[in-house]
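# Summary of structural features
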Amino acid sequence: MKKHLVTLFLLISLSSFAQNGAYSINPEDYNNTSVEMADVMRSNGKIYVVVAVVMTVFLGLIIYTISVDRKISRLEKEVFSEKG
Amino acid sequence: MKKKWWKVLCIVLLIYSILGALLFDAPRLAILNETIRNLHFHVTMWFAMIILLVTSTIYAIKYLRSNRIDHDTLSAEFANAGVLFGILGIVTGAIWANFTWGEPWSGDAKQNSSAIALLIYLAYLVLRNSLEDQQQKARVSAIYNVFAFAALIPLLFILPRMTDSSLHPGNGGNPGFNAYDLDSRLRMVFYPAILGWTLLGVWLVSLRVRIKRIKMALED
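These numbers come from a predicted model, not from an experiment.

Under the present numbering, the feature "transmembrane region" (unreviewed entry) in UniProt falls on residues 48-67 of chain A. For the annotated span residues 48-67 of chain A, helix accounts for 100% and strand for 0% of the residues, and the straight-line distance between the end C-alpha atoms is 28 Å.

Next comes the structure, spelled out in C-alpha cells:
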C-alpha cells in the first residue's frame, strides 16, 4: 500500500513537472513539418520498410548458405586429405 | 569456399535485382498495377528452372555416354534444384493470379500444363529413390530424365500457346510481356535477376553434390 502511494505521488509530481512550461511537448509538435526528421522509411507508402524486411530475409538466408558452404569445405578437407 | 567469385556475383546480382525490382520506376499498366514487379521474381523462377533442368538433362546424357556415377549425381541434383524453382514459380504464379485473374487456380492452360510438367519431374525424384542398385538407378533415371525434358518443353511452351483461353501473357492470343512492356528499363533488372537466381540454384546444387561426394568417399 505504501509503495503504491509513493508511486502515485511520484506520478503526480512528474505531471506537475511537465506542466511547468519549460519541458512540455504540445500536440502540434508532432505535425511540425518545418523540422526535418528521418522520414525516409515512411516515404512512398513506406516501401522502404518492405525493402528492409526483404533484404533482411534474403541476407539471412545467404549468410546461412555461406556457413553451410564453409562447413562442407571443412568436411572435404578432413575426408579427402585422410584418403589422399 | 574455393573459386568463390561467382558466389559473390550471385549475391551482388540478387541484391541489385531485389532492390531494383522493388524501387525502380515500373510501367503503370491497368490490372497489373504494382504487381508488374513480380516479373522480376515469378518469371525469373521459371527461367532459372529451365536452365537448371537443361543442365540436368545434359548431365544425364553425359552419364549415358560415360557411365561415370559423378555425372549421375550432378544430373540428379540439378533436377532437384530445378524442381525447387519450379514449385516456387507455380506458387508465386498462383499468388499473382489471385489478384490479377481473380482466383489462384483457374485451371488455366499454362497453370495446368506446368503442374503436369512438375509432376513428371517429381516422379523422376520418386523413381530415383525406388531403385537400389547404383548403376541401374543412374541409367534408368538418366533415360527418364531425357524423356521428362522432352515432355517439359511442349508442356510449358507449345501446348499453352495453342489454346485460346489462357490468360497467361504470351499464350492464348495474349501478347507476351516482351510485346508491350518488357522495355529496356525492366530488362535492366530482369536479366541480372535471371542470372542471379540461376547462380543461386547452381550454388545449392554444388553444396548437395559436395555432400554426396563426401558420403561416397566415406562409403568406399
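Within this structure, the stated rule accounts for 8 salt bridges over all chains. The residue B:Arg210 makes a salt bridge to A:Asp69 at a minimum N-O spacing of 3.1 Å. Taken as a pair, B:Arg210 in helix α7 (residues 184-219) and A:Asp69 in helix α2 (residues 47-83) lie in two separate chains rather than in one. Its relative accessible area of 9% is what places B:Arg210 among the buried residues. Note that B:Arg37 and B:Glu34 form a salt bridge whose closest N and O atoms lie 2.6 Å from each other.

Bringing the interface of chain B and chain A into the picture now. With 21 residues of chain B at the contact, the number on the chain A side is 20 residues. A combined buried area of about 1,900 Å² lies between chain B and chain A, and 81% of that area is made up of carbon and sulfur atoms. One can count 3 salt bridges joining chain B with chain A. If you look at where chain B meets chain A, you find 5 residue pairs in polar contact (both at pLDDT 80 or more). Elements with a minimum of two residues in the side of chain B that touches chain A: α1 (5-23) and α7 of chain B. Looking at which element gives the most residues to the side of chain B that touches chain A, the answer is α7(B), with 10 residues. Here the side of chain B that touches chain A is composed, by residue class, of 16 nonpolar, no polar and 5 charged.

Residues and elements named next belong to chain B. For Gly107, the location among the structural elements is in the loop between α3 (69-100) and α4 (109-130). Taking the relative accessible area as the measure of exposure, Gly107 reaches 36% and is therefore partly exposed. Each C-alpha atom, one on Gly107 and one on Ser166, is 9.1 Å from the other, the two residues being 59 residues apart in sequence.

Residues and elements named next belong to chain B. Tallying each qualifying case throughout the model produces 6 aromatic pairs over all chains. A ring pair is formed by Phe190 and Tyr191, whose centres lie 5.6 Å apart and whose planes are at 45°; its orientation type is tilted. Taken together, the aromatic side chains of Phe47, Phe190 and Tyr191 make up a single cluster linked through ring pairs.

What counts, and at which threshold
Residues numbered from 1 in each chain as written. Chains lettered and ligands numbered in written order. Predicted model: local features only at pLDDT ≥ 70, side-chain atom pairs only at ≥ 80, totals over all residues. Heavy atoms only, no water. UniProt positions renumbered as here; feature names shortened; annotations may be inferred. Helix = DSSP H or I, 4+ residues; strand = E, 2+ residues; numbered from the N terminus. Salt bridge = Lys/Arg side-chain N within 4 Å of Asp/Glu carboxyl O. Buried < 20%, exposed > 50% of the residue type's maximum accessible area, 1.4 Å probe, protein only. Contact = heavy atoms within 4.5 Å. Buried area = accessible area lost by both parts, 1.4 Å probe. Polar contact = N/O pair within 3.5 Å; in protein donor to acceptor, adjacent residues only side chain to side chain. Nonpolar A, V, L, I, M, F, W, Y, C, P; charged D, E, K, R; others polar. Phe/Tyr/Trp six-rings, centres within 6.5 Å; stacked < 30°, edge-to-face > 60°.

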